[in-house]
Amino acid sequence: MTPLEVDAGELTAEEILDALRDGRRVVVTADLFGSEQTLTLRHDGETFYCDTPTRLHKHDDEAGMLTCIEKMGYAKQDDD
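Residues numbered from 1 in each chain as written. Predicted model: local features only at pLDDT ≥ 70, side-chain atom pairs only at ≥ 80, totals over all residues. Heavy atoms only, no water.

**Q** If you had to explain the pattern of salt bridges to someone new, which residues and values would you point to?
**A** This structure, assessed with the given rule, holds three salt bridges. For Arg21, the salt bridge goes to Asp18, with nearest N and O atoms at 2.3 Å. Residue Arg21 and its partner Asp18 are located together in helix H1 (residues 13–21), separated by three residues, close to a single helical turn. According to the relative accessible area criterion, Arg21 is partly exposed, its value standing at 36%. (Salt bridge = Lys/Arg side-chain N within 4 Å of Asp/Glu carboxyl O. Helix = DSSP H or I, 4+ residues; strand = E, 2+ residues; numbered from the N terminus. Buried < 20%, exposed > 50% of the residue type's maximum accessible area, 1.4 Å probe, protein only.)

Now the structure itself:
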């Protein structure tokens, strides 16, 4: 399956999680530490992964992945 390629802030956290649940990898281009970097978010059916240029984060559940996506600014921010 072709990875979904997006810029940070383009999709909501729920849209990212939907793609991961569907078995797609989500390739995000983000500004990390002052330079543009590409990272990959994925799910193997058990563990969620956030593979950055400097580190591989693992999350045991959706809640952990959601927290990571929101904390790191990969998702569109609420306008509330």
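From this point, things continue past the structure.
**Q** Any chance you could break down the UniProt feature "domain: DUF8001" (unreviewed entry) in the chain for me, citing the residues and the numbers?
**A** Mapped onto this numbering, the UniProt entry annotates "domain: DUF8001" (unreviewed entry) at residues 2–77. With 26% helix and 37% strand, residues 2–77 has its two end C-alpha atoms placed 26 Å apart. (UniProt positions renumbered as here; feature names shortened; annotations may be inferred.)

**Q** Let's hear about the sheet that holds strand E5 (residues 56–59): which residues, and what values?
**A** In sheet architecture, strand pairing relies on hydrogen bonds along the backbone and comes in two forms, parallel and antiparallel. The five strands lie next to each other as E1-E2-E3-E4-E5, forming an open sheet whose pairing is mixed. Of all strands in the sheet, those bounded by a partner on one side alone are strand E1 (4–7) and E5. For this sheet, the mean inter-axis angle between neighbouring strands, taken without regard to orientation, is 20°. Bridge count between strand E3 (residues 35–43) and strand E4 (residues 48–51): four bridges; the pairing is antiparallel. Within the sheet, the bridge partner assigned to Arg42 lies in E4 and is Tyr49. Along the sheet, H1 contacts E1, strand E2 (26–32), E3 and E4; its crossing angle with E3, the most-contacted strand, is approximately 50°. In the packing of helix H2 (residues 62–72) onto the sheet, contacts are made with E3, E4 and E5, and the angle to E4 comes to roughly 25°. (Pairing = 2+ DSSP bridges. Axes fitted to C-alpha atoms, helices over the stretch in contact; angles between N-to-C directions. Contact = heavy atoms within 4.5 Å.)

**Q** Describe the nonpolar core, and please don't skip the residues or the numbers.
**A** Grouped burial of nonpolar side chains is what soluble globular proteins tend to show. Ranked by size, the top nonpolar core spans 20 residues in total, and within it Leu41 and Ile69 carry the most contacts. The set of elements that each furnish at least two residues to this core consists of H1, E2, E3, E4 and H2. Apart from residues lying up to four places away in sequence, Leu41 is in contact with Ile16, Leu20, Arg24, Arg25, Val26, Val28, Tyr49, Cys50, Met65, Ile69 and Tyr74. (Core = buried A, V, L, I, M, F, W, Y, C linked by side-chain atoms within 4.5 Å.)

**Q** Kindly report on the environment of Pro53, identifying the contributing residues and their values.
**A** Looking at where Pro53 falls in the secondary structure, it is placed in the loop between E4 and E5. For the pair Pro53 and Thr40, spaced 13 residues apart in the sequence, the C-alpha separation amounts to 9.2 Å. Residues in contact with Pro53, not counting those within four places in the same chain, are Leu32, Gln37 and Thr38.

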